[in-house]
Amino acid sequence: MISALASRHDLAAGLIVTQIAAPAATLLGLGLPALVGRAPSEQATTRAVAAGFGLAFVAALVSLAVGAARGFPVEVVHLGTLFSVGHHTATIELVADGLSIPYVCFSTGLCSLVNAFAGRYLHREPGFTRFFILLALFGFGMNLLVLAGSIDVLFAGWECVGISSTLLIGFFHERRTAVAAALRAFITYRICDMGLLAAGVVIHHAVGSGDFGRVFAGAWPAATCLVPAATAVPAALLLVFAALGKSAQVPFSGWLPRAMEGPTPSSAIFYGALSIHAGAYLLLRCGPLLDAAPAAGWLLVAIGLGTAIHAAVVGSVQTDLKGMLAYASMTQAGLILAEIGLGWRVVPLVHVISHAILRSLQILRSPSALHDRHELSAALGGPPGQGESPLVRLLPAGLQATLYRIALDRGFEDAWVGRFLVAPVVASLEAAAEFERRLVARLGGSQDVANEWHRDRGAA
Amino acid sequence: MNPLAAEPILDALTSHRLLAAAAAVATFAPLAGIAGAQLAGARLNPRLPAGWSLATSLAAALTLAWTWRSGPGHEVLLGPRLAGGSLVHLDGLTAILLPLVAIVALAITLVAPRRAATVGGATRLLAGASLTAAFMTTSHPAALVLLWVASLVPTWLSTRATPGGRPTARVYALMMGAGSVLFAVGVGLMAVDPPWADHAGPAGAAGGWMVTVAVMIRKGIVPFHSWYPAVFTAAPMSAALAATMPQVASYAAVRLLVGHADGVRAELVVLSQAALITAAYGAALAVVQRDVRGLVGTLALSQSAMVLAGLSGGLPMELCGALAVWVSSGLSLTGIGLVAWALESRAGALALDSPQGRFTDAPTLAAFFLLFGLASLGFPGTLSFVADDLIVAGSLGDQPHVGLLVIVATVFSGIAVVRGWFRIFGGPSTPDAPRHQILRRERLPLSLLLAVLFGLGLWPGPFVQSLEQVATSLLGPSRNAPAHSVPGDHP
């Protein structure tokens with residue numbers, strides 16, 4: 001009996017480790033040769049990525065089948081101890097349960113499909129190998145995030161997703177707009193990452209560990225929170241803050257439409273499917289904390305619904321297809337977060353998976369939109385209708401004009417964030433940096449720097 | 001004597017002699033490199049003798065580290081002693097820092113552009129490496145003062161010799177002169193009236209504060225920080241990196257303050273809080289830098305302050321984290337600085353006001369810059385992730401604000417590094433820009449530095465165990481235990 005249980009656990013552990021190790025091996029297999037100037041050919045690259053994601057996908061499918069047959073028991077896989085100092089031990093734990101197994105199945109499946117699409121789409125593109133290295137990094141990070149058994153491991157996956165997303169937005173590095181969009185996305189991610197890091201600190205402080213097994217009790221979705229109520233509120237609020245950035249919620253949503261500067265395959269998998277829902281996954285995983293902190297749940301509902309309305313209004317005036325799809329993603333991400341805030345768990349999971357599949361398909365098809373439209377027109381014998389929403393016609397003309405103006409300016413979100421958050425911080429830092437330069441110039445007896453500063457100010 | 005009983009003593013003596021010999025080779029090998037460079041003159045590329053001497057120094061330092069780790073793990077004290085210090089003081093801290101000094105100097109020597117590889121430049125670098133290594137093998141007050149002052153000279157000379165560098169050299173001389181006077185007087189007062197003694201008087205307390213301020217000046221801790229990024233802007237990159245990455249002042253703080261924490265508690269509190277503010281402030285300044293040298297300088301300012309913040313925390317785990325940041329920031333910022341230097345040697349000064357479009361020119365250098373940047377900002381899988389985790393976890397009990405300020409510093413550093421990367425490598429490339437791929441002498445040291453950073457990040461167990469041993473011996477009861485001496489030393 002015991003040996004049967006042990007062998008079952010070994011099987012589950014082997015499958016889970018494969019889902020992490022396969023993309024990791026792909027990443028190393030492509031990255032190291034590229035770093036020493038021996039980048040593999042296009043064919044070898046796509047085959048390596050297909051093998052890595054394919055293996056992970058098969059392992060995930062088997063895990064799903066085994067898990068479904070056994071009612072998704074919680075399987076914790078202890079991969080080892082990273083280091084240990086005094087009473088502090090950093091362990092690497094993965095967890096397979098009713099949340100992580102379906103999610104990793106769909107994420108590795110989507111990665112495999114996008115790899116197949118991108119191999120043709122990016123044929124002979126400069127940076128072909130770079131794209132697939134970043135895709136492998138993303139796949140590895142996403143699987144780590146999903147299968148994480150502790151907040152520390154989840155953070156590691158979270159960071160891999162963030163940096164690969166940033167670098168893929170700036171993939172076409174010769175375009176200034178792509179570079180600016182990538183930097184904007186990274187700054188948003190990084191600011192919101194403070195929430196996840198601080199939440200990790202708070203949780204460690206409260207229960208002495210970041211392992212989910214010690215933070216929550218029971219199996220998802222019925223798990224309960226072991227963090228004391230007084231600590232659960234700040235921890236939940238910090239996690240909500242972290243999720244807002246990755247899921248592009250108001251007031252951190254400005255990066256998402258700009259992120260479409262990246263290649264279409266990465267836009268599909270990042271901003272239509274997986275990266276945009278990383279925040280939702282984080283909150284689903286840490287759902288018991290939200291249950292213990294109703295204020296954080298209601299805040300999430302308000303922000304989610306607000307973002308959904310904002311994105312629906314702004315998205316309706318977009319003149320490019322990828323921009324429109326970005327706002328459509330934002331709308332659904334807002335609704336999903338609102339569902340999580342309401343205390344639902346299975347509904348948002350289903351919503352995430354269904355939305356991700358639909359949206360990534362739409363984004364992958366977007367380069368062929370004109371072709372599709374021509375075919376549709378030919379089939380209909382004329383151009384298809386514009387499809388204006390009947391709801392819009394119910395609004396008074398004055399309100400329609402006002403909404404149109406607001407939508408054109410993206411709800412003034414960027415302007416307000418720039419004016420009230422970014423500009424004061426940047427101005428203060430630049431003033432401090434100038435002060436430092438002038439101080440050194442004065443101390444060194446050189447007037448050059450001070451004169452230059454005055455000249456710049458005069459010119460400004 | 002029973003031969004079986006004598007065997008462990010003989011083993012210990014052998015290992016202590018090996019430690020002393022390795023320390024001597026690590027310290028003096030660069031001087032042989034100076035002799036080689038001077039003798040060869042213009043007939044030989046000075047990179048060659050400098051490189052070989054530093055490779056010898058690195059091999060000796062690694063031998064010392066290996067011997068210390070596999071040996072009994074006691075301190076080795078040799079030569080004259082004064083006020084608890086010894087002329088030669090070899091312990092776990094030395095075993096960690098000597099390889100760092102050697103590898104930083106070796107990487108600088110190999111990556112230095114051809115026009116910077118002069119006899120004078122090599123001499124100053126090797127002299128600085130030798131003096132820094134000597135500083136890190138002693139705890140004798142007089143030796144510390146002498147080497148503190150002497151190790152400042154190569155940087156000052158290099159800055160002064162750089163076109164347009166005289167104003168910064170004056171600032172450097174002003175700050176370091178004040179710091180040196182405070183250090184000398186402070187160490188003297190502490191030697192005469194140790195503040196950790198049972199009946200410590202006001203002289204020792206004043207000495208403790210003077211040493212604290214001297215450490216703050218040399219480390220560039222707020223409000224004495226302005227010279228630090230300026231040196232990166234005005235001095236050759238080699239001089240700036242060699243002067244700042246080994247962190248001489250942190251070593252002095254460990255030997256004179258952290259090692260006697262009971263007597264200088266208030267000084268350590270001031271030091272750690274000021275260092276924390278510096279870590280966050282330096283990282284924030286890095287976000288708005290206009291050129292790559294300013295970026296490297298402000299990042300170094302922030303990271304080196306984080307070392308002191310952890311060192312002064314007073315808990316073994318924080319101390320472990322600080323030692324890990326010491327190594328990780330030293331290696332990663334050396335890497336970033338060297339990549340920036342290699343790019344400058346190809347394309348001139350690199351502004352960060354707008355995208356410079358250098359990716360097409362140097363894609364491999366772009367990859368190295370990014371990887372070193374990630375390795376400096378606590379990215380998972382790198383040593384800095386382990387270091388930040390240790391500092392934050394160590395501070396949770398009594399100073400949770402430390403963890404939060406470290407997070408703020410890490411966030412700003414991350415934004416600064418990625419902004420720098422996109423501004424240097426992003427944007428339209430110039431059609432007639434030089435197309436210089438990475439050179440083999442650049443790729444080798446940069447790969448070595450990266451391998452150490454990622455290797456220790458992915459498999460940190462043994463390294464962290466060594467750090468814990470060092471931290472415990474610095475803070476724990478073993479500090480007061482009699483050190484193991486070998487025959488021939490002079491108590």
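Residues numbered from 1 in each chain as written. Chains lettered and ligands numbered in written order. Predicted model: local features only at pLDDT ≥ 70, side-chain atom pairs only at ≥ 80, totals over all residues. Heavy atoms only, no water.

So, on to the overall build of chain B. A count of helices and strands for chain B gives 19 helices and three strands. Since a compact globule built from 491 residues should have a radius of gyration of about 23 Å, the 22 Å found for chain B is in line with a globular shape. Each of the 491 residues in chain B was classed as buried or not, and the buried ones make up 63%. Restricting the contact set of chain B to residue pairs at least 6 apart, pairs at least 24 apart contribute 81%. For chain B, the exposed surface amounts to about 16,600 Å²; the carbon and sulfur share of it is 69%. Put simply, chain B has 26 plus and 20 minus side-chain charges, and the middle of one group is 16 Å from the middle of the other. (Helix = DSSP H or I, 4+ residues; strand = E, 2+ residues; numbered from the N terminus. Rg over C-alpha atoms; globule rule 2.2 N^0.38 Å. Buried < 20%, exposed > 50% of the residue type's maximum accessible area, 1.4 Å probe, protein only. Contact = heavy atoms within 4.5 Å. Areas by Shrake-Rupley, 256 points an atom, 1.4 Å probe, with all protein chains shown as cover. Lys, Arg positive; Asp, Glu negative; His and termini not counted. Charge placed at Lys NZ, Arg CZ, Asp CG, Glu CD.)

Our focus in this paragraph is the confidence of the model for chain A. Residue and element names in this part refer to chain A. Summing up the model confidence of chain A, the mean pLDDT is 90 and the portion of residues at 70 or higher is 94%. The spread of mean pLDDT over the elements of chain A runs between helix H20 (residues 448-459), the lowest at 47, and helix H11 (residues 278-285), the highest at 97. Within the model, pLDDT remains below 50 along residues 452-460, and this stretch shows five contacts once partners closer than five positions in the same chain are excluded. (pLDDT = per-residue confidence, 0-100.)

It is worth spelling out the packing of helix H6 (residues 176-207) of chain A against helix H17 (residues 400-425) of chain B at this point. Two elements in contact, H6(A) and H17(B), have axes separated by 10 Å at closest approach and are oriented at 165 degrees. With respect to H17(B), the axis of H6(A) lies roughly antiparallel. In the crossing of H6(A) with H17(B), the sense of the turn from one axis to the other is right-handed. For the pair formed by H6(A) and H17(B), the contact residues are A:Val179, A:Ala182, A:Leu183, A:Phe186, A:Ile187, A:Arg190, A:Ile191, A:Met194, A:Leu197, A:Ala198 and A:Val201 on the first element and B:Leu404, B:Ile407, B:Val408, B:Thr410, B:Val411, B:Gly414, B:Ile415, B:Val418, B:Arg419, B:Phe422 and B:Arg423 on the second. Within the contact of H6(A) with H17(B), the residues separate by chemical class into 17 nonpolar, two polar and three charged. (Axes fitted to C-alpha atoms, helices over the stretch in contact; angles between N-to-C directions. Parallel < 35°, antiparallel > 145°, perpendicular 65-115°, else oblique. Left-handed = near helix turned anticlockwise from the far one by under 90°. Nonpolar A, V, L, I, M, F, W, Y, C, P; charged D, E, K, R; others polar.)

This part takes up the pairing of strand E2 (residues 85-90) of chain B. Across five bridges, the pairing between strand E1 (residues 76-82) of chain B and E2(B) is antiparallel. Of the residues in E2(B), the one forming a bridge with B:Leu78 is B:Val88. (Pairing = 2+ DSSP bridges.)

Okay, the side chain of B:Glu442 next. Residues and elements named next belong to chain B. Among the secondary structure elements, glutamate 442 is positioned in helix H18 (residues 440-458). Owing to a relative accessible area of 2%, glutamate 442 belongs among the buried residues under this scheme. Among residues more than four places away in sequence, those in contact with glutamate 442 are Val111, Ala342 and Arg346.

For the rest of this paragraph, the subject is helix H18 (residues 397-408) of chain A. Under the 1.5 Å per step criterion, the end-to-end length of H18(A) is 16 Å for twelve residues, consistent within 8% with the ideal 16 Å. One or two steps after H18(A), the chain reaches A:Arg410, where phi turns positive at roughly 55 degrees. (Expected span 1.5 Å × (residues − 1).)

On to the interface of chain A and chain B. Of the residues lining the interface, 53 residues belong to chain A; the matching set on chain B comes to 61 residues. Interface of chain A and chain B: buried area, both sides summed, is about 4,700 Å²; carbon and sulfur atoms make up 74% of it. On the chain A side of the interface with chain B, the three residues burying the most area are A:Leu35, A:Val85 and A:Arg190, jointly 13% of the side's total. Measuring nitrogen to oxygen at the nearest pair gives 2.3 Å for the salt bridge that ties B:Arg290 to A:Glu434. For the interface between chain A and chain B, the tally reads 14 residue pairs in polar contact (both at pLDDT 80 or more). Breaking the side of chain A that touches chain B down by element, the ones donating at least two residues are strand E1 (75-85), strand E2 (88-96), helix H5 (151-169), H6, helix H19 (413-443) and H20 of chain A. Considering only residue class, the side of chain A that touches chain B consists of 28 nonpolar, 13 polar and twelve charged. (Buried area = accessible area lost by both parts, 1.4 Å probe. Salt bridge = Lys/Arg side-chain N within 4 Å of Asp/Glu carboxyl O. Polar contact = N/O pair within 3.5 Å; in protein donor to acceptor, adjacent residues only side chain to side chain.)

Below, the discussion takes up H18(B). All names here are of chain B. The terminal C-alpha atoms of H18 lie 26 Å apart, and with 19 residues this matches the ideal 27 Å at 1.5 Å per residue to within 8%. Among the residues of H18, those classed as buried are Glu442, Pro445, Leu446, Leu449, Leu450, Leu453 and Gly457. All buried residues of H18 project into a common sector of 130 degrees when viewed along the axis, lining one side. Set apart from the buried face of H18 by more than 90 degrees, the exposed residues are Arg440, Leu444 and Leu458. (Arc of directions from axis to C-beta.)

All names here are of chain A. A cluster of nonpolar side chains, namely Trp416, Phe420, Leu421, Val422 and Val426, defines an oily patch on the protein surface of about 510 Å² accessible area. Relative to the assigned elements, tryptophan 416 resides in helix H19. On the basis of relative accessibility, which here comes to 54%, the residue tryptophan 416 falls in the exposed class. (Patch = residues over 30% accessible without salt bridge, like charges linked within 9 Å, V, L, I, M, F, W, Y side chains within 5 Å.)

Residues and elements named next belong to chain A. Throughout the structure, instances matching the rule amount to 26 aromatic pairs over all chains. Here phenylalanine 138 and phenylalanine 270 contribute two aromatic rings whose centre-to-centre distance is 4.1 Å and whose plane-to-plane angle is 35 degrees, an arrangement assigned as tilted. You can see phenylalanine 138 sitting in helix H4 (residues 128-147) and its partner phenylalanine 270 sitting in helix H10 (residues 264-271), a full 132 residues away along the chain. Taking the relative accessible area as the measure of exposure, phenylalanine 270 reaches 0% and is therefore buried. Consider the rings of tryptophan 255 and tyrosine 271, whose centres lie 5.6 Å apart with planes at 75 degrees: the pair is edge-to-face. (Phe/Tyr/Trp six-rings, centres within 6.5 Å; stacked < 30°, edge-to-face > 60°.)

This part covers the environment of A:Ala222. Tracing the chain through its elements places A:Ala222 in the loop between strand E3 (216-217) and strand E4 (224-225). Once the C-alpha coordinates of A:Ala222 and A:Arg345 are considered, the two residues, 123 residues apart in sequence, prove to be 9.0 Å apart.

On to the side chain of B:His260, then. Residues and elements named next belong to chain B. Looking at the secondary structure, you find histidine 260 in the loop between helix H11 (248-256) and helix H12 (265-286). According to the relative accessible area criterion, histidine 260 is buried, its value standing at 17%. In this structure histidine 260 touches Trp196 and Arg255, once residues within four positions along its chain are discounted.

Turning next to the environment of A:Asp414. Residue and element names in this part refer to chain A. Tracing the backbone through its elements, the reader meets aspartate 414 in helix H19. Aspartate 414 gets classed as buried once you look at its relative accessible area, which sits at 17%. Each C-alpha atom of the pair aspartate 414 and tryptophan 255 lies 9.4 Å from the other, and the pair is 159 residues apart in sequence. Residues contacting aspartate 414, with those up to four places away along its chain left out, are Arg184, Gly254 and Arg258. Within the structure, aspartate 414 has its side chain in polar contact with the side chain of arginine 184 (distance 3.3 Å). Polar side-chain contacts of aspartate 414 include one of 2.8 Å to the side chain of arginine 258.

Residue and element names in this part refer to chain A. The final tally for this structure, using the stated rule, is zero disulfides over all chains. With no disulfide of its own, cysteine 111 lies 12 Å from the sulfur of cysteine 105, the closest cysteine sulfur. There is no disulfide at cysteine 192, and the cysteine sulfur nearest it, in cysteine 286, is 16 Å away. (Disulfide = S-S within 2.5 Å.)

Residue and element names in this part refer to chain A. Packing of H10 against helix H15 (residues 346-365) brings their axes to within 8 Å, and their N-to-C directions diverge by 165 degrees. Between H10 and H15, the interaxial angle falls into the category roughly antiparallel. For H10 against H15, the interelement crossing comes out right-handed. Along its contact with H10, which presents Thr264, Pro265, Ser267 and Ala268, the element H15 presents Ser360, Ile363 and Leu364. For the contact of H10 with H15, the class distribution of residues is four nonpolar, three polar and no charged.

It is worth spelling out the pairing of E2(A) at this point. Residues and elements named next belong to chain A. Counting buried positions over the nine residues of E2 gives seven, a clear majority of the element. Strand direction decides the pairing type here: E1 and E2, joined by nine bridges, are antiparallel. Across the sheet, residue glycine 80 finds its bridge partner in E2, namely isoleucine 92.

The tendency in soluble globular proteins is for nonpolar side chains to be buried as a group. The biggest cluster of nonpolar side chains holds 302 residues, and the ones touching the most others in it are A:Leu289, B:Phe183, B:Leu311 and B:Trp326. Tallying contributions element by element places helix H14 (residues 316-347) of chain B first for this core, with 18 residues. Discounting residues that sit within four places of it in the chain, B:Leu311 has contacts with B:Ser250, B:Val254, B:Val258, B:Leu319, B:Ala322, B:Leu323 and B:Trp326. (Core = buried A, V, L, I, M, F, W, Y, C linked by side-chain atoms within 4.5 Å.)

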